[in-house]
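# Fold and contact review
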Amino acid sequence: MKRLCKRAIKNGKKDMSVFDAIMYDNQKQILDDEKMLLFINMEMESTYAAPIEKLSAKQIDWDESTGNSDYAFPQGYNQVINR
C-alpha cells in the first residue's frame, strides 16, 4: 500500500488522498478485497483516526523520518508546547 501511494504521488506530482492514490493507480479491486479493507481500517484509518479519503498519500508513514520511533510524553503534551 505504501508503494502504491508513493508511486501515485511521484507520477501525479502532487499530494492526494490514499483513496485517490488507489484510484489513480487503477487498483480499485483493493477496495473489494475484505483482507485489504481490514488492513486499511486497522493500519491506516484507526491509526490516523481518519478515513482514507481524508488521509494524505504523501504523508502516510511520514514517521519513517524519525526512524519509526514512537515517543511517550509522561508529563503530557505540555512538555512539547512549553519547549
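Residues numbered from 1 in each chain as written. Predicted model: local features only at pLDDT ≥ 70, side-chain atom pairs only at ≥ 80, totals over all residues. Heavy atoms only, no water.

## Some details on a nonpolar patch on the surface
Together, F73, Y77, V80 and I81 make up a nonpolar patch on the protein surface, roughly 440 Å² of accessible area in all. Along the chain, the position of I81 falls in helix α4 (residues 78-81). Owing to a relative accessible area of 63%, I81 belongs among the exposed residues under this scheme. (Patch = residues over 30% accessible without salt bridge, like charges linked within 9 Å, V, L, I, M, F, W, Y side chains within 5 Å. Areas by Shrake-Rupley, 256 points an atom, 1.4 Å probe, with all protein chains shown as cover. Salt bridge = Lys/Arg side-chain N within 4 Å of Asp/Glu carboxyl O. Helix = DSSP H or I, 4+ residues; strand = E, 2+ residues; numbered from the N terminus. Buried < 20%, exposed > 50% of the residue type's maximum accessible area, 1.4 Å probe, protein only.)

## Remarks on helix α3 (residues 34-48)
Here α3 is 15 residues long and its end C-alpha atoms lie 20 Å apart, about the 21 Å a rise of 1.5 Å per residue gives. Of all the bends in α3, the greatest, near 35°, is centred on N41. Sitting at the head of α3, D33 places a side-chain oxygen 2.8 Å from the backbone nitrogen of K35. Among the residues trailing α3, A49 stands out with phi positive, at a value near 55°. (Expected span 1.5 Å × (residues − 1). Bend = angle between axes of the 7 residues up to and from the residue. Polar contact = N/O pair within 3.5 Å; in protein donor to acceptor, adjacent residues only side chain to side chain.)

## Points about the nonpolar core
In this structure, V18, A21, I22, I52 and L55 are the most contacted members of the largest nonpolar core, which totals 16 residues. Sorting the residues of this core by element identifies α1 (2-12), α2 (18-24) and α3 as the ones contributing at least two each. Considering each element in turn, this core owes the most residues, four residues, to α1. With residues near it in sequence (within four places) discarded, I52 still touches S17, V18, F19, I22, L31, I40, M44 and E45. (Core = buried A, V, L, I, M, F, W, Y, C linked by side-chain atoms within 4.5 Å. Contact = heavy atoms within 4.5 Å.)

## Some words on the environment of T47
Tracing the sequence through the fold places T47 in helix α3. Side-chain polar atoms of T47 contact the backbone oxygen of M42, separated by 3.5 Å.

## Points about unusual backbone geometry
Leave glycine aside and you will find that most residues have negative phi; peptide bonds, for their part, are mostly trans. Even without a glycine there, the phi angle at A49 is positive, about 55°. Mapped onto the elements of the fold, A49 is located in the loop between α3 and α4.

## Let's talk about the confidence of the model for the protein
Averaged over all residues, the pLDDT of the protein is 78; the fraction at 70 or higher stands at 82%. Here α1 is the element of the protein with the lowest mean pLDDT, 74, and α3 is the one with the highest, 87. (pLDDT = per-residue confidence, 0-100.)

## Notes on the side chain of S56
Relative to the helices and strands, S56 is located in the loop between α3 and α4. A distance of 3.2 Å separates a polar side-chain atom of S56 from the backbone nitrogen of K58. Setting aside its immediate chain neighbours within four residues, S56 contacts D15, M16 and V18.

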